[in-house]
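Below are the chains, spelled out letter by letter.
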Amino acid sequence: MTCLETIQAYGLRSIGIGERLLPKSDFTLCDQFTLIGSGLIWNVYFGFISLVIGFFLATGVALAKNADSPFIRKPAELFVFVFRGSPLFIQFFLAYELFVLLPKVGIDINLGFTEITAETRWLTRAWLGAVIVLILNTTAYTGEIFYGALRSVPMGDIEAADAYGLTGWPRFKRIVWPTMLRLAWPAYTNEAIFLFHATALVYFSGFPAWRQKGDALYYANYFADKTFNPFIPYPILAFYFILVVLGIIGLFGVINRRLNRHLPQERQKKLKIRPQIIR
Amino acid sequence: MFSYCSDPSSLQGLSWLSCYLTTGKHMLFYGSFGTVIALLLVTAPVALLFGFGGATAARSHIVPLRWFGKGYTAIARGIPDIAFFLFFVIALDQAFEWMRHKVKCPDWEEPVRQGNDFVVCKIAKLPLSSSAQWVHEAYGFSLAVLTFSIVFGAFAAIVLYGAMQAVPRAQIETAESYGMTRRQTFWRIIVPQMWIFALPGLSNLWMILIKATPLLFLLGVEDIVYWARELGGLKTSIYSYPHPDWRLWYFLGLLVFYLGLTRVSEIILGRLTARLSRGQATIAGNNQRKAAS
């Protein structure tokens, strides 16, 4: 098979398009590059969905943690403690076991006037179940980052908003929220990288790879197991991950510049990238 | 364990539970919590040592050594940790066997890599195929410790490098004006003072290390995750203690264990920070001084 044919056969293998059987022997470099790259689709999918949804939920968690009423504050604090204080690995296992126990056929929810059936069978699949765990996890971590930023919004900004007669929602939307994001952005960039690394855990923790449709690490591990040679597939995986991380840094850098564009040049904060690894 | 446990099928309620929770396999499960703690206690100092070496190398004036130090800290940044764990365990294992192979069987003709197989001579195998079960387990565990130490050493190196840079310049200038050499300045001025600057980073690293311990399971060590899956799974009536799928409860137990570990660490590290801030020219140290007077 030429390399072009390999790409046609396996380029979209991880989402079930193309050749069904994985290569069994005589792996070429092209095979490994194509399949591991195909698995990367899943990592990007997990990372993207959970970042986008987690971003909005985290704003809510940060506000709840900052609330005066203990009935709102305490649950938010507990949520953040549970998800930041325990390994993501255990969270995946726990969520999977929980989803498996749910009835297969779906749960009937009686809303009084009508009855709907909640589909539960998709929850045991990685594309939904793992995404839910990742969303909750990133919400907790990002919520803590946003909370810290919310606490350090300068008092002068709030007073200026009051002087202009801004209150409630308009004040939050136009003054507090943008400042909070600006302050939190460098830490949030790290969180995004960190979350993207965490997507590699999905298929190693309970969630099975259905019909061998796995993520990049799943295929890298497949090759390492078959060839007993870790020195080719894992560096390929590392290469892909570094590419995506560079992409994230670029994208977040553009947003960072936009958030800081009203500040004088020397006060603009440059992004300092110090990714952590494990959660 | 208890005398009434001899016939499990006749037991009911609490007595059944007390017998169930004290079977031999459960004892191994409880023991594996010790494995996790042991891993933490062994890895933390070793990783700190690796990190210290890495940070010192990254500051070195000798160019190859500096490159090594910089490279070591750089590898940890772009790549998911789990890929490291999967990579290092096989790579280290093969490296050790290859070295033993070179020493013990110098007249071996065939190549080590034959297609998809990694072949070394029999007496170079690690551990020897004739050795006892516990040797195999100990070897697996020490490989895991080494892997954890290498990966976390890289992060500790980043933290310690930053801490060494954070020691106030005036302190170093004073040392120079006393005529201390570079080596003396390093050991007498920088190293004793850097810890307070390193502590926030190191405590963060400790938290991350705690949360990384379930990855032991992926390295093939029989740790708490392994036992939770093993014991919690569905047990049909051919077992002495049949029960439905209880893995959810076992994992809830693990969750509580980890939350407890995190909480205790938070409290201890908070106290340690207060202790190390004493007499330091930082805001925390200044506040302590004011409170005392």
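Residues numbered from 1 in each chain as written. Chains lettered and ligands numbered in written order. Predicted model: local features only at pLDDT ≥ 70, side-chain atom pairs only at ≥ 80, totals over all residues. Heavy atoms only, no water.

## Details of the overall build of chain B
The test is simple: Each helix is a run of H or I in the DSSP string that is no shorter than four residues. Each strand is a run of E no shorter than two, and both are numbered from the N terminus. Burial status follows relative accessibility: with a 1.4 Å probe on protein chains alone, a residue under 20% of its type maximum counts as buried, one over 50% as exposed, and anything between as partly exposed. Here a residue-residue contact requires only that any non-hydrogen atoms of the pair lie within 4.5 Å.
From N to C terminus, chain B includes ten helices and two strands. Every one of the 293 residues in chain B was classed for burial, and the buried ones make up 43%. In chain B, once contacts between residues fewer than 6 apart in sequence are set aside, the share between residues at least 24 apart is 66%.

## Here we look at the packing of helix H8 (residues 216-227) of chain A against helix H9 (residues 233-259) of chain A
Residue and element names in this part refer to chain A. For the record, the criterion: In this description, a line fitted to the C-alpha atoms serves as the axis of each element, helices being fitted only across the stretch in contact, and the angle between N-to-C directions of two axes falls anywhere from 0 to 180 degrees. Just so you know how the angles are binned, under 35 degrees is roughly parallel, over 145 roughly antiparallel, 65 to 115 roughly perpendicular, and the rest oblique. The handedness criterion is simple: a crossing whose near helix is rotated anticlockwise from the far helix by less than a right angle is left-handed, and one whose near helix is rotated clockwise is right-handed. Each residue receives one of three labels: charged for Asp, Glu, Lys and Arg, nonpolar for Ala, Val, Leu, Ile, Met, Phe, Trp, Tyr, Cys and Pro, and polar for the others, Gly being one of them.
Taken N-terminus to C-terminus, the directions of H8 and H9 make an angle of 165°; their axes are 8 Å apart at the nearest point. Considering the angle they form, H8 stands roughly antiparallel to H9. By crossing handedness, the relation of H8 to H9 is classed as right-handed. Seen from H8, the contacting residues are Ala-216, Leu-217, Ala-220, Asn-221, Phe-223 and Ala-224; seen from H9, they are Pro-233, Tyr-234 and Leu-237. Taken together, the residues that form the contact of H8 with H9 break down as eight nonpolar, one polar and no charged.

## Notes on the state of the cysteines
All names here are of chain A. For clarity, the cut-off: Disulfide: a pair of cysteine sulfur atoms within 2.5 Å of each other.
Scanning the entire structure with this criterion turns up one disulfide over all chains. Between Cys-3 and Cys-30 runs a disulfide, and the two sulfur atoms are separated by 2.1 Å. Linking Cys-3 and Cys-30, the disulfide has an S-S dihedral of approximately 85° and is accordingly described as right-handed. With Cys-3 in helix H1 (residues 3-10) and Cys-30 in helix H2 (residues 29-65), this pair connects stretches of sequence that are 27 residues apart. Classification of Cys-30 as buried rests on a relative accessible area of 16%.

## A short note on the confidence of the model for chain A
Quick note on the threshold: Residue-level confidence of the predictor, termed pLDDT, takes values from 0 up to 100.
Here chain A shows a mean pLDDT of 83. Residues at 70 or above account for 88%. When mean pLDDT is taken per element in chain A, helix H3 (residues 70-85) of chain A scores highest with 92 and strand E2 (residues 115-118) of chain A scores lowest with 65.

## Some remarks on the side chain of Thr139(A)
Residue and element names in this part refer to chain A. Tracing the backbone through its elements, the reader meets Thr-139 in helix H5 (residues 126-151). A relative accessible area of 2% means that Thr-139 is categorised as buried. In this structure, Thr-139 is in contact with Gly-54, Leu-57, Ala-58, Val-61 and Phe-79, ignoring residues within four places of it in sequence.

## As for H2(A)
Since one α-helical turn is 3.6 residues long, residues separated by three or four positions face the same way. We count it as follows: Multiplying one less than the number of residues by 1.5 Å gives the expected span of a helix. Two axes enter the bend calculation: one fitted to the seven residues ending at the residue in question, the other to the seven starting there, and the bend is the angle between them.
Between its first and last C-alpha, H2(A) extends 50 Å over 37 residues, near the 54 Å set by a 1.5 Å rise per residue. If you look at H2(A), its biggest bend is around 30°, right at Phe55(A).

## Notes on the packing of aromatic side chains
This is how the line gets drawn: Classification of ring pairs uses Phe, Tyr and Trp, with its six-membered ring standing for Trp, and accepts pairs whose centres are within 6.5 Å; under 30 degrees between planes counts as stacked, over 60 as edge-to-face, and the remaining range as tilted. Geometrically, a lysine NZ or arginine CZ counts as sitting over a ring once it is within 6 Å of the ring centre and also within 35 degrees of the ring normal.
Applying the stated rule across the entire model yields 38 aromatic pairs over all chains. Considering the side-chain rings of Tyr222(A) and Phe223(A), the 5.6 Å spacing of their centres and the 70° angle between planes classify their relative orientation as edge-to-face. Judged by centre distance (5.9 Å) and plane angle (40°), the rings of Phe52(B) and Trp187(B) are tilted. One end of the pair, Phe52(B), is in helix H2 (residues 24-58); the other, Trp187(B), is in helix H7 (residues 182-212), and 135 residues separate them in sequence. Taken together, the ring pairs connect Phe55(A), Phe56(A), Phe146(A), Trp177(A), Trp185(A), Tyr188(A) and Phe252(A) into an aromatic cluster. Positioned over the ring face of Tyr147(A) is Lys65(A), at 4.5 Å from the centre of the ring.

## A word on the interface of chain A and chain B
Note the threshold: Defined in terms of a 1.4 Å probe, buried area is the accessible area two parts forfeit on being brought together, summed over both. By definition here, a salt bridge exists when the distance from a side-chain nitrogen of Lys or Arg to a carboxyl oxygen of Asp or Glu is within 4 Å.
Between chain A and chain B, the contact holds 42 residues from the first and 42 residues from the second. Between chain A and chain B, roughly 3,900 Å² of surface is buried when both sides are summed, and carbon and sulfur atoms account for 74% of that area. Taken together, chain A and chain B are joined by one salt bridge. In this structure, the salt-bridge partner of Arg247(B) is Glu97(A), at a minimum N-O distance of 3.3 Å.

## Re the environment of Phe99(A)
Residues and elements named next belong to chain A. Mapped onto the secondary structure, Phe-99 falls in helix H4 (residues 88-101). Take Phe-99: its relative accessible area is 12%, and that puts it in the buried class. Each C-alpha atom of the pair Phe-99 and Arg-125 lies 9.3 Å from the other, and the pair is 26 residues apart in sequence. Among residues more than four places away in sequence, those in contact with Phe-99 are Leu-123, Thr-124, Gly-129 and Phe-207.

## Overview of the pattern of salt bridges
The final tally for this structure, using the stated rule, is seven salt bridges over all chains. Counted as one network, the salt bridges with shared partners bring together Arg73(A), Lys74(A) and Glu77(A).

## Quick notes on a nonpolar patch on the surface
Residue and element names in this part refer to chain A. Put simply, the rule reads: Each patch is built from residues lacking any salt bridge and having more than 30% relative accessible area; the joining distance is 9 Å for like charges and 5 Å for nonpolar side chains (Val, Leu, Ile, Met, Phe, Trp, Tyr). Values of accessible area rely on a 1.4 Å probe in the Shrake-Rupley scheme; residue burial ignores everything except the protein chains shown.
Taken together, the side chains of Leu-29, Phe-33, Phe-231, Ile-232, Phe-239 and Leu-243 make up a nonpolar region of the molecular surface, amounting to roughly 540 Å² of accessible area. The set of elements that each furnish at least two residues to the nonpolar patch consists of H2 and H9. Here Ile-232 shows up in the loop between H8 and H9.

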